[in-house]
Amino acid sequence: MLFRSDGCGWGHSSAEAAERASKAFVASLGERRRSCVTTRDAARAVMSALMDANEALYAGMSHRLESGMTALVGGLVLPLEGTPNQHAFVCISVGDTKAFVWRAYKRKIFDVTSGNRTNLTSARDPGGRLGPYVNDHDPDLRNLGVYYKLVEPDDVIILCSDGVHDNFDPQALGILPQELPEMQSSSPTTSRSPNNLRRMSERSSHDKDSNDHTKLKRVSSTSATRVRSMSPPPSQRQRNRKRGNGPLTPWEIATEADEQAVRYAKEAFMATRLSQVIRYYADDNGRCYAPTLAHELVEYCLDITSTVRTKMETEGVNQPETSRQMPGKLDHCSCLCYCVGKAAAAEEIDALSSRHNHFDGDFDLRTLPYYHGRIRGQEARSEEHTSELQSLE
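Nothing here was measured: the structure is a model prediction, and the numbers come from that model. (Residues numbered from 1 in each chain as written. Predicted model: local features only at pLDDT ≥ 70, side-chain atom pairs only at ≥ 80, totals over all residues. Heavy atoms only, no water.)

> Hey, could you run me through the confidence of the model for the protein chain in this one?
The predicted coordinates of low-pLDDT regions are not to be read in fine detail. Chain-level statistics for the protein chain give a pLDDT mean of 76 and a share of 71% at 70 or above. Between residues 356–393, whose pLDDT stays under 50, and residues either more than four places distant or in other chains, the model counts 85 contacts. (pLDDT = per-residue confidence, 0-100. Contact = heavy atoms within 4.5 Å.)

This is the structure in structure tokens:
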């Protein structure tokens, strides 16, 4: 069982909501997982566990509004009958927490919860949450989704809060839409049509293996289930327009023009950046030591936000507007990594954990959209990565 919760807002109530939801989700799923025979059973189990987690927020309270609110992602990794080297990762997500899978032998990342960031230009709207949000009574289930992904030994499942994954978002790094290759198409009508974008998005978040494709079709009802409980609130750009709060930002303008293209470009950038950060210290077979990976992803966020934090701490100012000079997003930052398969032997753990290369936060913006962080005392080993950088210079 894997889970990660992220309280919405600040203070004791949101922290308590995240803790209550986590404990209830684990307790409920722990009881239900024993009866899971198929992936459909697992999907029902995680859905029921999420509802139990929501009800647990109100235990002992005289009124629902006393409870805080939280986002949550969690699920099960289950062995598949007849395929000893494959497991099913079935998870549920509500809010802006995300799940990724690092495919070791491909040295590639897959966004399992692709599309759950419903507001592309404002991180203030998590897209959903547990707790008394709808009519001050019910949970916000706009982006509730149940997901299915085949995983194999040495793959790493990553669950993280938006304080982690938003720091891999180009907008949070001060990058403009026109700087991304996906937004520079000379034929927007053809390349950004809904069907083409849908196919590109599917290719970016799922394996191309025929085995994966076959199994995903067989469990299509659980591979990307969506449940919406209410009409989404107006986006930040719509609220700004109504209030007359200044001109639209470049990202808001791009989203107004072609929301699907912006979604694909952002997810492609995030997958590329995250993959290349992981590649720096994965071994030649793409294997990672899960504790090291979790530590390094948080360290990456600390490095990216160091300039902003220093300015706020020394000058006593609020967080400045995101730019190249002040990149990063400050938020709850938590990450859980789980390596699929049998426990590694002690000597393997020593070998993998010794590849603990730490970022110093420096990267060359000329190489965007690729991460070009410098490893202390070590050059990048990946010939593929090096060729990618050279092609951009």
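> Would you mind going over the sheet that holds strand β9 (residues 156–160) with me for this structure?
In sheet architecture, strand pairing relies on hydrogen bonds along the backbone and comes in two forms, parallel and antiparallel. Read from one edge to the other, the open sheet built from four strands follows the order β5-β4-β9-β11, with strand pairing classed as antiparallel. Looking along the sheet, the strands with just one partner apiece sit at the ends: β5 (108–111) and β11 (335–339). Along the sheet, successive strands turn relative to each other by an average axial angle of 20 degrees, direction set aside. Taken together, the five bridges between strand β4 (residues 98–103) and β9 define a ladder with antiparallel strand orientation. Each bridged residue has a counterpart across the sheet, and for Trp102 the counterpart in β9 is Val156. (Pairing = 2+ DSSP bridges. Helix = DSSP H or I, 4+ residues; strand = E, 2+ residues; numbered from the N terminus. Axes fitted to C-alpha atoms, helices over the stretch in contact; angles between N-to-C directions.)

> What am I meant to see in the side chain of Asn54 here?
Mapped onto the secondary structure, Asn54 falls in helix α2 (residues 39–56). If we ignore the near neighbours within four places in the chain, the residues touching Asn54 are Leu130, Gly131 and Pro139.

> Whenever I open this one, the packing of helix α9 (residues 250–257) against helix α10 (residues 259–279) confuses me. Can you help?
Between two packed helices, what matters for the description is the angle formed by their axes and the separation of those axes. The geometry of α9 relative to α10 is characterised by a closest axis approach of 5 Å and an angle of 125 degrees between their N-to-C directions. Between α9 and α10, the interaxial angle falls into the category oblique. Residues Trp251, Ala254, Thr255 and Ala257 of α9 form the contact with α10, whose participating residues are Glu259, Val262 and Lys266. Here the residues of the contact of α9 with α10 sort into four nonpolar, one polar and two charged. (Parallel < 35°, antiparallel > 145°, perpendicular 65-115°, else oblique. Nonpolar A, V, L, I, M, F, W, Y, C, P; charged D, E, K, R; others polar.)

> Explanation requested: the pairing of strand β2 (residues 70–80) in the structure shown.
It is a general feature of regular strands that their side chains alternate between the two faces of the sheet. Most of β2 sits inside the fold, with nine of its 11 residues counted as buried. The sheet contact formed by strand β1 (residues 2–7) and β2 spans six bridges and is antiparallel. Bridging from a neighbouring strand, Phe3 pairs with Gly74 of β2. As judged from the nine bridges shared by β2 and strand β3 (residues 83–94), these two strands associate in the antiparallel manner. Residue pairing in the sheet places Gly75 in a bridge with Cys91 of β3. (Buried < 20%, exposed > 50% of the residue type's maximum accessible area, 1.4 Å probe, protein only.)

> Is there a simple way to think about the pattern of salt bridges in this case?
Applying the stated criterion across every chain, the model contains 21 salt bridges. Here Arg20 ties to Glu16 by a salt bridge, and the two come within 3.3 Å at their closest N and O atoms. With Arg20 and Glu16 both in helix α1 (residues 12–32) and four residues apart, the pair spans about one turn of that helix. Residue classification places Arg20 among the partly exposed positions, given a relative accessible area of 23%. Here Glu16 falls in the partly exposed class, since its relative accessible area comes to 26%. Here the salt bridges share partners, and the residues they tie into one network are Asp96, Arg117, Asp162, Asp166, Lys329 and Asp331. (Salt bridge = Lys/Arg side-chain N within 4 Å of Asp/Glu carboxyl O.)

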